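Residue-level listing of the chains:
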Amino acid sequence: MANVKYRFNPESLNYYKVETTFRQKLRRFLTYFAASIFAAIIYYIAFASFFDLPKEKGLRRQISELDANYHVFSQQLSRVEAVIQDMQERDNNIYRTIFEAEPLNKSVRDAGFGGTDRYKEYEKMSNGEIVGQTARRLDQIMARVVIQSKSYDELIEFAKDYNSEIASIPAIQPIANKDLTRTASGWGWRIHPIYKIRKFHYGMDFTSPTGSEIYATGDGVVEEIESSHRGYGNKIILNHGFGYKTLYAHMNGFNVKQGQKVKRGDVIGFVGNTGLSTAPHLHYEVIHNNKVVNPINYYFNDLTAEEYDRMIEISMKSGQTFD
Amino acid sequence: MIKIKRKKYIFDFDKLTFQEIKKTPGQKLKKALVLIFTPALMFFAVISLLSLFVDLPKELLLSRQSELKYQQLLLMDRKLDSLSSILTQKIFSNDDAFRTILQLDSLANSIREAGTGGSELNIQFQNLNNPALLLKLAKKLDKINRQLQIQEESHNEISSSAETWKEKINSIPLIFPISKNDLIFISSVFGGRIDPFCNEYSNHAGCDYVAATGTKIYATGNGIVTFLNYSRKGYGNEVIIDHSFGFSTRYAHLDKILVAAGDSVNRGQVIGTVGNTGRSTGPHLHYEVRFEGQPLNPFFYYSDNISGDEYDMMIRNNNSKN
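## Section: the interface of chain A and chain B
Next, step 1: Across the contact, 60 residues belong to chain A and 74 residues belong to chain B.
Next, step 2: Going through the elements one at a time, strand E1 (5–9), helix H1 (22–50) and helix H2 (54–99) of chain A are the ones with two or more residues in the side of chain A that touches chain B.
Next, step 3: A total of 28 residues in the side of chain A that touches chain B trace back to one element, the largest contributor, which is H2 of chain A.
Next, step 4: Of the residues belonging to the side of chain A that touches chain B, the class tally is 34 nonpolar, 12 polar and 14 charged.

Pasting the structure below:
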């Protein structure tokens, strides 16, 4: 009987019990609950705007720390970027001093180069370079092959000859030239380093430290060895037969004797700076039927199509030679 | 309309009357406080419970911010890697190539790698659950900074060496002293010969180039005129040029001398004309190349590959430049 409440009805002048139905009670409770939740949300918003839970505090600290570090790194990174850019410019200047030419830009390759225009049509095809290169290779090796009307025996003889021709033709680079970093001036008009006039460079220069190994680029015989302080300096001429000869100049020393037979890849001597040369390098020439030809066509065993492209780019750069 | 206060009454069994329920201010306040703080309590209870299982909106926001910062740092890492590869693939390999050409010692890879060391950067990472990225970045930055420093020094060496190289090529006597087209023939070479005046064997310190009197003589390398002399004996009218790097050249039996002592000359510049002065049997140029005073064979100091016209072109170019 506790806490029974009464209300006074002024019209009937009676006290009546305040009775609340369950439904009324429920409604009252729900209203209270809803208001409560609403208040809770308001509280949360108010609270959240001014205070942080520990987890949030932790996150904020993380963020500010990351931020601070980011700024430090960002500054450092900008500085590194600036220094590297500066360095590349200095590199370019040194390049210009040594080569008297603009440093290489990877974008454009000089269109076309002397002599072999009939391969140009292949360049228009997709995979053009590979096709062009293969065509070159085939032309060079198969120029003298006429297979159709040969008898079996003749074919065997022919193949033997053939194999030896393939082994004999200059087909690799004369020095180790990984990534083509040793490629210097190639075939074509260049500036003479001493006379400073335009002079045709009949060969290809490879920069390399004094004493680097020089390889015979095809099977053959040592036809000529010359020691000299003039012009080509110490030089070797190999005779590969089939009308091919190769010349290696400004050498430091020899590893073969006159008349010696060599195989492709044999070390025939070492890079030097003898004769009239402005830096240690190998001057390499390929001679076919007594005419000096562009050596770039004679590295096909050594270069992929892309490397071939790249080598053309590098060696075609007009500029100063070392001899 | 009169507002009737909804008073509530309670039956007092002792007094047997209805008493108004009057709430003291204290009680009223208490009720008000309960009303206000129950939801607050509920709120705390719910939040605490929730935060155990779920990320609250603010947390989500902060988390996302944190994640963003992290991404920025990852980007930075990638950028650093690409800068590093420019350094190693382009700059280092150029460095190697230049050193080869200039005949400088190559830098050992161990030096290029710049070793390890403590970080000089002030990195704070106490508050992070995953400081690995930051530490990695700090280490990379330090390494690249050290490598850059080493490369700067290397560059300085190469740069000055390149300048010297260029100067040396332009200074050392490396061309023929007269136009190939003007040369009549080489009458005497370096080394032993019979002295035409006294038929005695003498050591010839240079080369004799026969050419018509008045033929222009060119300095064979950049240098300074350190000596000139007019005489009827011995070398006759002569000029000596110092090319530095230990090299000097002598031009003797000249007809006219067209420079003065102390003059700075360039390769290809006219210094005098061929004559027959001094101990000479006919107009010719006696030409000497000396290194640290010792005579060298001039044959080794010019190219046979240059034609007369190419030589003349060189002279023309030189004249138009100066």
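## Re unusual backbone geometry
Next, step 1: At Asp179 of chain A, a residue that is not glycine, the phi angle is positive and equals roughly 60 degrees.
Next, step 2: As for its placement among the helices and strands, Asp179 of chain A is situated in the loop between helix H5 (152–168) and strand E3 (188–191).
Next, step 3: Look at Glu292 of chain B: it is not a glycine, yet its phi comes out positive at around 50 degrees.
Next, step 4: With respect to the helices, strands and loops of the structure, Glu292 of chain B is situated in the loop between strand E13 (284–291) and strand E14 (294–296).
Next, step 5: Residue classification places Glu292 of chain B among the exposed positions, given that 9 C-beta atoms sit within 10 Å.

## Comments concerning the domain arrangement of chain B
Next, step 1: When the domains of chain B are assigned, the result is domain 1 (9–53), domain 2 (78–171) and domain 3 (185–321).
Next, step 2: For domain 2 of chain B versus domain 3 of chain B, the distance between C-alpha centres works out to 49 Å.

## As for the confidence of the model for chain A
Residue and element names in this part refer to chain A.
Next, step 1: Considering every residue of chain A, the mean pLDDT works out to 81; 81% of them sit at 70 or more.
Next, step 2: Note that residues 106–117 has pLDDT below 50 and, in this model, 9 contacts with residues that lie over four places away or in other chains.
Next, step 3: In this model, residues 143–150 is a region of pLDDT below 50 whose contacts with residues beyond four sequence positions or in other chains number 2 contacts.

## Observations regarding the packing of H2 of chain A against helix H2 (residues 57–102) of chain B
Next, step 1: Taken N-terminus to C-terminus, the directions of H2 of chain A and H2 of chain B make an angle of 20 degrees; their axes are 9 Å apart at the nearest point. Classified by the angle their axes make, H2 of chain A and H2 of chain B are roughly parallel. For the crossing formed where H2 of chain A meets H2 of chain B, the hand is left-handed.
Next, step 2: Considering only residue class, the contact of H2 of chain A with H2 of chain B consists of 22 nonpolar, 7 polar and 10 charged.

## Examining the environment of Asp142 of chain B
Residue and element names in this part refer to chain B.
Next, step 1: Among the structural elements, Asp142 can be located in helix H4 (residues 132–171).
Next, step 2: When the 18 C-beta atoms within 10 Å are taken as the criterion, Asp142 is described as partly exposed.
Next, step 3: Sequence separation between Asp142 and Ala114 is 28 residues; the distance between their C-alpha atoms is 9.7 Å.

## Some words on H1 of chain A
Next, step 1: Under the 1.5 Å per step criterion, the end-to-end length of H1 of chain A is 41 Å for 29 residues, consistent within 8% with the ideal 42 Å.
Next, step 2: For H1 of chain A, the buried fraction is low: 1 of the 29 residues fall into the buried class.

## Brief notes about the confidence of the model for chain B
Next, step 1: Across chain B, the average pLDDT comes to 85, with 91% of residues at 70 or higher.
Next, step 2: Prediction confidence for the complex, expressed as pTM and ipTM, is 0.73 and 0.75 respectively.

## A short note on the environment of Phe299 of chain B
Next, step 1: Here Phe299 of chain B shows up in the loop between E14 and helix H5 (308–321).
Next, step 2: In this structure Phe299 of chain B comes out as partly exposed when scored by C-beta crowding, with 17 C-beta atoms within 10 Å.
Next, step 3: C-alpha separation for the pair Phe299 of chain B and Gly206 of chain B, spaced 93 residues apart in sequence, amounts to 9.2 Å.
Next, step 4: When near neighbours in sequence (up to four residues on either side) are disregarded, Phe299 of chain B contacts Arg230 of chain A together with Phe190 of chain B.

## Section: the nonpolar core
Next, step 1: With 45 residues, the main nonpolar core has Ile98, Ile214, Ile236, Tyr248, Met251 and Leu282 of chain A together with Phe98 of chain B as its most contacted residues.
Next, step 2: In terms of residue count, the dominant contributor to this core is strand E9 (residues 244–254) of chain A (6 residues).
Next, step 3: In terms of nonpolar packing, the next biggest core, distinct from the first, is built from 35 residues, Leu174, Ile178, Tyr235 and Leu285 of chain B among them.

## So, the pairing of strand E5 (residues 204–207) of chain A
Residue and element names in this part refer to chain A.
Next, step 1: Covered by surrounding structure in E5 are Met204 and Phe206 together with Asp205 and Thr207, the residues of both alternating faces.
Next, step 2: Summarising the sheet, E5 and strand E12 (residues 281–288) pair through 4 bridges and their orientation is antiparallel. Bridge pairing in E12 links Met204 to Tyr284.

## Notes on the environment of Thr210 of chain A
Residue and element names in this part refer to chain A.
Next, step 1: Mapping Thr210 onto the fold places it in the loop between E5 and strand E6 (213–215).
Next, step 2: Of the residues examined, Thr210 has 18 C-beta atoms within 10 Å and is grouped as partly exposed.
Next, step 3: Those residues in contact with Thr210 that sit more than four places away from it in its chain are Asn252, Val271, Gly272, Asn273 and Pro280.

## Overview of the domain arrangement of chain A
Next, step 1: Assigned domains of chain A: these are domain 1 (6–50) and domain 2 (169–316).
Next, step 2: Put simply, the middle of domain 1 of chain A and the middle of domain 2 of chain A, counted by C-alpha atoms, are 103 Å apart.

## A word on the sheet that holds strand E2 (residues 17–20) of chain B
One key point about sheets: their strands pair by backbone hydrogen bonds, in either a parallel or an antiparallel sense.
Next, step 1: Strand order in this open sheet of 4 strands is E2(A)-E1(A)-E1(B)-E2(B), and the pairing throughout is antiparallel. Only two strands of the sheet have a single neighbouring strand rather than two, namely strand E2 (14–17) of chain A together with E2 of chain B. For this sheet, the mean inter-axis angle between neighbouring strands, taken without regard to orientation, is 45 degrees.
Next, step 2: Pairing geometry for E1 of chain A and strand E1 (residues 8–12) of chain B, over 3 bridges, is antiparallel. Within E1 of chain B, the residue paired with Arg7 of chain A across the bridge is Lys8 of chain B.

## Observations regarding the pairing of E12 of chain A
Residue and element names in this part refer to chain A.
Next, step 1: Most of E12 is tucked away: 7 of the 8 residues are buried.
Next, step 2: Both E9 and E12 contribute to a ladder of 6 bridges, which runs antiparallel. The residue of E12 that forms the bridge with Tyr248 is Tyr284.
Next, step 3: Both E12 and strand E13 (residues 291–293) contribute to a ladder of 3 bridges, which runs antiparallel. Its bridge partner being in E13, His288 is matched across the sheet by Lys291.

Rules of the game
Residues numbered from 1 in each chain as written. Chains lettered and ligands numbered in written order. Predicted model: local features only at pLDDT ≥ 70, side-chain atom pairs only at ≥ 80, totals over all residues. Contact = placed C-beta atoms within 7 Å. Helix = DSSP H or I, 4+ residues; strand = E, 2+ residues; numbered from the N terminus. Nonpolar A, V, L, I, M, F, W, Y, C, P; charged D, E, K, R; others polar. Buried ≥ 20, exposed ≤ 12 C-beta atoms within 10 Å, placed from the backbone. Domains from an automatic or database assignment. pLDDT = per-residue confidence, 0-100. Axes fitted to C-alpha atoms, helices over the stretch in contact; angles between N-to-C directions. Parallel < 35°, antiparallel > 145°, perpendicular 65-115°, else oblique. Left-handed = near helix turned anticlockwise from the far one by under 90°. Expected span 1.5 Å × (residues − 1). Core = buried A, V, L, I, M, F, W, Y, C linked by C-beta atoms within 7 Å. Pairing = 2+ DSSP bridges.

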